[in-house]
Amino acid sequence: METIFGRYARTSDCGSLRREAAGGQAVLMGWVHRIRDLGRAGMFVLLRDRGGITQLLFQPDLAAEAYDLAKTLGPEHCIAVRGEVGARDEKNVNPDMATGEVEVRVTDLEVLSRSEVPPFEISGHSEAKEELRLRHRYLDMRRPEFQRNFLMRAAVTQAVRRHMSQQGFMEVETPFLVKYTPGGARNFLVPARLKPGRFYALAESPQIFKQLLMIAGFDRYFQVVKCFRDEDPRQDRQVEFTQIDVEMSFVTEEMILSQVEGMARVIWKEAIGLDLPEAFPRMTYAEAMSKYGTDKPDLRFGLEHQDITELGRDCGFRVFEQVAADGGLIKAIRVPGAAKVLSRKKLDDLTRFVQREEVGPVAGLAWAKLQAEGAWQGAFPKAAKPEALDAVAKQCSMEEGDALLVLAGPAVNVHKAADALRRRLGADFGLIDESAWALCWVTDFPLFEWSEEAQTWTSSHHPFTMPVAEDLDMLETDQGKVRARAYDLVCNGYEIAGGSIRIHDREIQARVLRALGISDQEAKDKFGFLLEAFKYGAPPHGGIAAGLDRIMMLLTGTDSIRDVIPFPKTINGLDLMTGAPGGVFDAQLAELHVQVTGTAGGTSQDADS
RNA sequence: GGGGUGGUAGUUAAGUCGGUUAUAACGCCGGCCUGUCACGCCGGAGGCCACGGGUUCGAGUCCCGUUCACCCCGCCA
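Throughout this document, residue positions are counted from 1 along each chain, in the order its sequence is written. Each chain takes a letter, starting from A, and each ligand takes a number, starting from 1, following the order in which they are written. For this predicted model, a pLDDT threshold of at least 70 governs which residues receive local features, and a threshold of 80 or more governs which side-chain atom pairs are given and counted, while totals over whole chains, interfaces and linings are taken from all residues. Heavy atoms throughout the structure, all of them, feed into the side-chain values; hydrogens and water do not.

Here we come to the overall build of chain A. Within chain A, the regular secondary structure consists of 17 helices and 23 strands. The dimensions of chain A, computed from C-alpha atoms along their principal axes, are 90 × 75 × 50 Å. Residue exposure (1.4 Å probe, protein chains only): buried if accessible area is under 20% of the type maximum, exposed if over 50%, otherwise partly exposed. In chain A, which comprises 609 residues, the proportion classed as buried is 48%. Contact definition: two residues touch when any of their heavy atoms are within 4.5 Å. Taking all contacts inside chain A whose residues are at least 6 apart in sequence as the whole, residues at least 24 apart take part in 68%. The secondary structure listing takes helices from DSSP runs of H or I that are at least 4 residues long and strands from runs of E that are at least 2 residues long, numbered from the N terminus.

Let us now look at the sheet that holds strand β21 (residues 486-491). Two strands form a pair only when DSSP identifies at least two bridges running between them. Ordered in space as β6-β10-β11-β23-β22-β21-β18-β12, the eight strands form an open sheet in which the pairing is mixed. In this open sheet, the two strands that pair with only one neighbour each are β6 (170-171) and β12 (282-284). Taken together, the five bridges between strand β18 (residues 439-443) and β21 define a ladder with antiparallel strand orientation. Its bridge partner lying in β21, W441 is registered against L489. Where helix α7 (residues 285-292) meets the sheet, its contacts fall on β12 and β18, and the angle it forms with β12 comes to roughly 85°. To obtain an axis, a line is fitted to C-alpha atoms, over the contacting stretch when the element is a helix, and the angle between two such axes runs from 0 to 180 degrees between their N-to-C directions.

Moving on to the protein's contact with RNA strand B. Neighbouring residues of RNA strand B: 48 residues in total, closest E103, E231, K416, T570 and N572. Any N or O atom pair separated by 3.5 Å or less is treated as a polar contact, with the protein-specific requirement of one donor-capable and one acceptor-capable atom, and with residues adjacent in sequence counted only for side-chain atom pairs. Between RNA strand B and D295, the relevant distance is 3.2 Å, taken from a base nitrogen to a side-chain nitrogen or oxygen of the residue. Listing elements by their share of the surface near RNA strand B, those giving two or more residues are β1 (25-37), β3 (52-58) and α2 (130-135). For the surface near RNA strand B, the residue count by class is 15 nonpolar, eleven polar and 22 charged. Any residue with a non-hydrogen atom lying within 4 Å of a molecule or strand is treated as near it. The classification used treats Ala, Val, Leu, Ile, Met, Phe, Trp, Tyr, Cys and Pro as nonpolar, Asp, Glu, Lys and Arg as charged, and all other residues, Gly among them, as polar.

Counting through the fold element by element, V414 comes out in helix α13 (residues 411-428). Taking the C-alpha atoms as reference points, V414 and G184, 230 residues apart in sequence, are found 26 Å from one another. Setting aside anything within four residues of it in sequence, one finds V414 in contact with L329, K331, V362, L407, A408 and G409.

This part covers the domain arrangement of chain A. An automatic or database domain assignment is the source of the domain bounds shown. Looking at chain A, the domain boundaries give domain 1 (19-113), domain 2 (126-269 + 542-576), domain 3 (301-432) and domain 4 (579-609). Distance from the C-alpha centre of domain 1 to the C-alpha centre of domain 2: 41 Å. Contact residues are listed per partner, giving five residues for domain 1 and four residues for domain 2. Reported buried area values correspond to the accessible surface (1.4 Å probe) lost by two parts on association, with both partners' losses combined. Approximately 430 Å² of surface area, both sides summed, lies buried where domain 1 meets domain 2, with 55% of it carried by carbon and sulfur atoms. A salt bridge links E76 to R142, with the nearest nitrogen and oxygen atoms 2.9 Å apart. The interface formed by domain 1 and domain 2 holds one residue pair in polar contact (both at pLDDT 80 or more) in total. Here the side of domain 1 that touches domain 2 is built from residues that sort into one nonpolar, no polar and four charged. Take a side-chain nitrogen of Lys or Arg and a carboxyl oxygen of Asp or Glu: if they are within 4 Å of each other, that pair is a salt bridge.

Attention shifts here to the packing of helix α5 (residues 207-215) against helix α15 (residues 520-533). Put simply, α5 and α15 touch, their axes get as near as 10 Å, and they point 20° apart. Taken together, α5 and α15 sit at an angle that is classed as roughly parallel. In this structure, the crossing between α5 and α15 has a hand that is left-handed. Across from I208, Q211, L212 and I215 in α5, the residues of α15 making contact are F527, F529, L530 and A533. Of the residues in the contact of α5 with α15, the class split is seven nonpolar, one polar and no charged. Any angle from 65 to 115 degrees is called roughly perpendicular, while one under 35 is roughly parallel, one over 145 is roughly antiparallel, and all others are oblique. Two helices cross in a left-handed way if the nearer one is turned anticlockwise from the farther one by less than a right angle. They cross in a right-handed way if the turn is clockwise.

Each strand in a sheet pairs with its neighbour through backbone hydrogen bonds, running either in the same direction (parallel) or in the opposite one (antiparallel). Reading around the circumference, β1-β2-β3-β5-β4 is the order of the five strands in this closed barrel, with mixed pairing throughout. Neighbour-to-neighbour, the strand axes of the sheet open up by a mean angle of 55°, direction not taken into account. Of the strand pairs in this sheet, β1 and strand β2 (residues 43-49) are connected by six bridges, and their pairing is antiparallel. By the bridge assignment for β2, R36 is matched with F44.

Moving on, we get to helix α4 (residues 144-166). Compared with the 33 Å implied by 1.5 Å per residue over 23 residues, the 33 Å span of α4 between its first and last C-alpha is a close match. Every buried residue of α4 is listed here: F146, N149, F150, M152, R153, V156, T157, A159, V160, H163 and M164. At its buried positions, α4 is contacted by α2, α3 (137-140), β10 (220-228), β11 (240-249), α6 (253-272) and α16 (548-556). Positive backbone phi, at 90°, marks G168, one or two positions downstream of α4. A helix is expected to reach a length of 1.5 Å times the quantity of its residues less one.

Let us look at the packing of aromatic side chains. Between the rings of Phe, Tyr and Trp (Trp by its six-membered ring), a pair exists once the centres lie within 6.5 Å; its type follows the angle of the planes, with under 30 degrees stacked, over 60 edge-to-face, and the other angles tilted. What the rule picks out here adds up to eleven aromatic pairs. On the numbers, 4.9 Å between centres and 45° between planes, the contact of F320 with F380 is tilted. Of this pair, F320 sits in helix α9 (residues 318-325) while F380 sits in helix α11 (residues 379-383); the two residues are 60 residues apart in sequence, bridging distant segments of the chain. For the pair F320 and F380, one class covers both residues: buried. Note on W450 and W457: the rings are 5.2 Å apart at their centroids and 75° apart in plane angle, and the pair reads as edge-to-face. Residue classification places W450 among the partly exposed positions, given a relative accessible area of 39%. Looking at W457, the relative accessible area reads 22%, which means it is partly exposed. Among the aromatic residues, ring-to-ring pairing joins F317, F320 and F380 into one connected group. Comment: the charge-over-ring label is applied if NZ (Lys) or CZ (Arg) is within 6 Å of the ring centre and within 35 degrees of the ring normal. Lying over the aromatic face of W367, K369 brings its terminal NZ or CZ to 5.2 Å of the ring centre. Positioned above the aromatic ring of F301 is the side chain of R422, whose terminal nitrogen or guanidinium carbon lies 4.0 Å from the ring centre.

Time to look at the pattern of salt bridges. The tally for this structure, following the rule as stated, stands at 47 salt bridges. Here R137 ties to D140 by a salt bridge, and the two come within 3.9 Å at their closest N and O atoms. Pair noted here: R137 and D140 are both in helix α3, with a separation of three residues, about one helical turn. By relative accessible area, R137 is classed as buried at 2%. A salt bridge links R550 to D236; the nearest nitrogen and oxygen atoms lie 3.7 Å apart.

Written out as structure tokens, the structure is:
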């Protein structure tokens, strides 16, 4: 038997052979996916590589030596084979396989690398625990679904680069090691060996640099770039993640939004062949909060919130009257046709759910059912004045057989609880169209948020966000009402991009910084270089950053961004495969002039214990 | 920082009220099988019940702590 590797090149990958190839010679290399030994009939081996899976046939009559060697194969052995492509008989065709019409009748087999029995089945159907899969990430990534995800990601990234370049954007790299700036996300810190006692920060985004690129006259910039944020990871958040970062000069919101819509169309087309609409619907932040209780509403289903605070003010139902009097919020969700389905037990369950949402106190969950012939059921309708009840029913468009769920309490809590409740109901009642792509712009965010902790106004977006022109007068007087020229792109309940028009006017910038309680000296210390740059003819500019990981999570239909990041970290920020973050030796710390005090779980002395 | 769920064979899970030798499926190993495709049949091996304490005559099971994974809040665009 001839050796194969180094002597023959692969004739194709394992996903390419079709009936037309029958009769020809094939050389394939890949991993043993599955083995079916039928004794004297021969041995079927599924060979897998990035391209797909091909069935190999080993028979004693065909090639005794190859057959005997094949008997020693095990799962995940890496092999090379050579043989004739055979068309399968009609009755042996496997319609579920892309290569199901053929098989390779192997005459030569070379074992390139044997494999121990892997810790979990790559070809299997039962999912191993996440912990184990992350520890052996390179094995998990062998699975065809994973390879499909990453191939799609690569295709999307390429399509974005191609499209953006065609649109006149230039790709520019910005530094990761940057100056620490307080506010916003917590930074990872990197000690500067050459300047003892000083630290770099890992960039949480290229924000300031892309603005400087605009001042530099680059006009249109984009970058596919890693960002670092030392905050607790989540299903849709990692400490390091990838943004498609975009900035443009001489633009208005309209131009940026339409540019991003074009990019999104390219992405969806490339990834799943879908044509998104020319323009996406828009709603203001105020509308989103009012109807959905969140700034990233899932628009694949209804169940909008109704604000019935005014109707509750003098309705006869004590709880509501009290909340209205206290300046709280009352929100109702009409659940069509749910009067029967929402049993007492189910309602109790939902009550526990909204109170368990750790959203702060809400006054429980009131409910009302409209039965046949206008008969009401529930504590609220029983206590409420008839005219108040009618008004509520009218506003909520109640029909017979509907149920109404009502939350009352402090506005922030009610929004949060009603958002959670809406999503829960949507899922429970199967109202979510899983095949839908509900993209939507949310605009007119508040410029500032009050921070209880710091007892000061903070930027909702960042300090360089341009206020809406007609709100400028309120910068000194009514900061909470000032709207920002900021926008988010939301898809199916996930924020997938966010950006703003930036301030290019030094006077407005100074007023915003003052509103944030940042003194001139402080501003100079923190981002003096940017303010300095604004002195030299800064063009009007704005931009956006899209979360590539989240977009890929949605497009691949996976439920965590971990599934579209090759080497993700756990919820504790650990890399279970490499053991990062690991300890370091004292000598390294000494060189950095860094001392470690608290060493919970591992000392600095035994590196990588 | 807070709340929740979980960790039992290589894997996924079951394990009753605290009580004999800890089950099953898949995988693995050996054998059989002339067309399988999640092949099938027969047999076999495989366990520090996450870790550390405690209660008890006796702990996989109860209690306390630790740790890891996942979900949520805080945090984070």
